[in-house]
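Chain by chain, the residues:
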Amino acid sequence: MSTVRLLVGTRKGAFILTSDEARQNWQIDGPHFAGWEVFHMKGSPANPDVIYASQCEEWFGQIIQRSGDGGKTWEQPGTPADEPTTDEQGMPKGESNKFVYDTSEETGKPLTTHQWYDGTPHPWEFKRVWHLEPSLHDPDTVYAGVEDAALFRSSDGAKTWQEMPGLRGHGRGDEWSPGAGGMCLHTILLDPTNDQRMYVAISAAGAFRSDDGGESWHPINKGLVSDFIPNPTAEIGHCVHRIDMHPSQPNVLYMQKHWDVMRSEDHGDTWTEVSGDLPSDFGFPIAVHAHEPETIYVIPILSDSLHYPPEGKLRVYRSRGGGNAWEALTSGLPQEHCYVNILRDAMCVDTLDSCGIYFGTTGGQVYCSADSGDNWTAIVRDLPPVLSVEVQTLS
Amino acid sequence: MIRIALPYHLQVLAHCDSEVSVKVEEPVSVLSAIRALESRFPMLKGTIIDHHTGQRRPKIRFFACAQDVSLEPLDSQLPAAIASGEEPLMIVGAISGG
């Protein structure tokens, strides 16, 4: 019997929701780290018992938590209570919340500023970790996407972090600028068929690809059109909200942009719009069905000024042909007076035979469909605002 | 031993009560008190003194004997009542409304 484990990050703590494969009866565990924002949690594909969590507060900064037992217990890597904080040589054992930008001549291409909202230079300042992406193969290797936008990697179970400086140093980093939510690196995709290929997305810089394991990067924004920036087809400056792919078809990428839903069939080299007949092509998350690489899901939001669903109706839209033609999925979802938002990391799919789709809202609901989106039920309705939802399918 | 009063979020992080006691050699300063605190509760490293700047995080203030010492140099000597444990060094987060 398989089980599913949902990792839910909220404004005031983390929750872990578990169920058998029927996905009808759920055990709710939490809050973990009560009172703290938990931006994102994700389990290791190589060892599902290993889970990483990004815990942060504007007052007290960034904390990284790691569980080795599926979320039952947690520790800040390298700093367990009542143990020495330095090794025999006096070196700090754990600095799991220390994210320092690489400005060295040897490995970094020192960048001291990016663009501020008004176009003026602004120094790079670490604020928080938006997204944690564990390696597909090694539970102790994990990538972190941070604000101000940069990519970090840990190879010691998150005890220490090193920036992958080739991204900020790709040549145009000084032209990146923040979106309304900050200049965040929020999407990290690892190609399961090519260990050297990875993708990231940044608001508001755009999408980037590395073909050499993260050493060097180049922008992949050709075909994106953003009418709200000075040059709508610029190489840099697009507010990408989320990218997803299916592991069996890694050349095909799907993107929810600030406006527009996009598709690429060439690893992001070129993009075409597939918004089609959506009631609004603004939104944050996008997800691909676990067993149907051309079936994708978005949740339209009315506009960038009105962060709630069109007509007050919460509708997930599904396309079975990779975009353009969409169907509204409404069964079990509120169809009046609904004004929640669904953030970019708050939708995911499980890999059970009958694919489960999940999303969390800023109203504190976590919805589940155990039948590819045809019917929905609320697992919980009254959590703090949901920031992220990830699912683990456990056998 | 000196006494240090912690805000709620740091109590959650350190799994401790609202006030803790740590041993600090004299002369006692905010910096030496926090370093002693971090040594006993390593999970608090970086949450009071910023990793990058080495300075107090912006939304935190320090109070000693009813005086705001937030803007004093971190290595300034604290009053004798703090060093003796008669009064706690208070680490306070800014009020969060809403």
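Treat the numbers as computed from the prediction; the structure is a model and nothing was measured.

Conventions and cut-offs
- Residues numbered from 1 in each chain as written.
- Chains lettered and ligands numbered in written order.
- Predicted model: local features only at pLDDT ≥ 70, side-chain atom pairs only at ≥ 80, totals over all residues.
- Heavy atoms only, no water.
- Pairing = 2+ DSSP bridges.
- Helix = DSSP H or I, 4+ residues; strand = E, 2+ residues; numbered from the N terminus.
- Axes fitted to C-alpha atoms, helices over the stretch in contact; angles between N-to-C directions.
- Buried < 20%, exposed > 50% of the residue type's maximum accessible area, 1.4 Å probe, protein only.
- Contact = heavy atoms within 4.5 Å.
- Salt bridge = Lys/Arg side-chain N within 4 Å of Asp/Glu carboxyl O.
- Polar contact = N/O pair within 3.5 Å; in protein donor to acceptor, adjacent residues only side chain to side chain.
- Nonpolar A, V, L, I, M, F, W, Y, C, P; charged D, E, K, R; others polar.
- Core = buried A, V, L, I, M, F, W, Y, C linked by side-chain atoms within 4.5 Å.

### Quick look at the sheet that holds strand E2 (residues 13–20) of chain A
The strands making up a sheet are joined through hydrogen bonds of the backbone, oriented either antiparallel or parallel. Residue and element names in this part refer to chain A. On the basis of which strands lie adjacent, the open sheet formed by four strands has the order E3-E2-E1-E29 and antiparallel pairing. Sheet topology places strand E3 (27–32) and strand E29 (386–394) at the edges, where each strand pairs with a single neighbour. The mean inter-strand angle of the sheet, taken between neighbouring strand axes irrespective of direction, is 15 degrees. Across four bridges, E2 lies against E3 in antiparallel orientation. Paired with Ile16 across the strands is Asp29, a residue of E3.

### Thoughts on the side chain of Arg57 of chain B
As for its placement among the helices and strands, Arg57 of chain B is situated in the loop between helix H2 (30–40) and strand E3 (60–64). You can call Arg57 of chain B buried: its relative accessible area is 12%. Setting aside residues no more than four positions away along its own chain, Arg57 of chain B makes contact with Glu57, Glu58, Trp59, Phe60 and Gly61 of chain A together with Gly46, Thr47, Ile48, Ile49 and Asp50 of chain B.

### Digging into the interface of chain A and chain B
Between chain A and chain B, the contact holds 24 residues from the first and 22 residues from the second. Summed over the shared surface of chain A and chain B, the result is one salt bridge. With its nearest N and O atoms 2.8 Å apart, the salt bridge here joins Glu58 of chain A to Lys59 of chain B. Taken together, chain A and chain B are joined by ten residue pairs in polar contact (both at pLDDT 80 or more). For the side of chain A that touches chain B, the secondary structure elements donating two or more residues are strand E5 (51–57) and strand E6 (61–67) of chain A. Element by element, the count of residues in the side of chain A that touches chain B is highest for E6 of chain A, at three residues. Residues that form the side of chain A that touches chain B fall into these classes: twelve nonpolar, nine polar and three charged.

### Regarding the environment of Val24 of chain B
Locating Val24 of chain B in the fold gives a position in the loop between strand E2 (19–22) and H2. We classify Val24 of chain B as buried; its relative accessible area is 15%.

### A closer look at the nonpolar core
Counting 45 residues, the largest nonpolar core has Ile4, Leu6, Leu37, Leu44, Phe62 and Ile91 of chain B as its most contacted members. Of the residues forming this core, the biggest block, five residues, is contributed by H2 of chain B. If sequence neighbours within four positions are ignored, Ile91 of chain B has contacts with Ile4, Ala5, Leu6, Pro7, Ile34, Leu37, Ile48, Ile60, Arg61 and Phe62 of chain B. Grouped together as the second largest cluster of nonpolar side chains are 35 residues, Ala290, Met347, Phe359 and Val391 of chain A included.

### Section: the sheet that holds strand E4 (residues 37–43) of chain A
Residue and element names in this part refer to chain A. Read across the open sheet, the three strands follow the order E4-E5-E6; overall the sheet is antiparallel. With one partner strand each, in any of the chains shown, E4 and E6 form the two edges of the open sheet. Neighbouring strand axes in the sheet, compared pairwise and without regard to direction, differ in orientation by 15 degrees on average. Note that E4 and E5 share six bridges and pair antiparallel. Within E5, the position partnered with Val38 by the bridge is Gln55.

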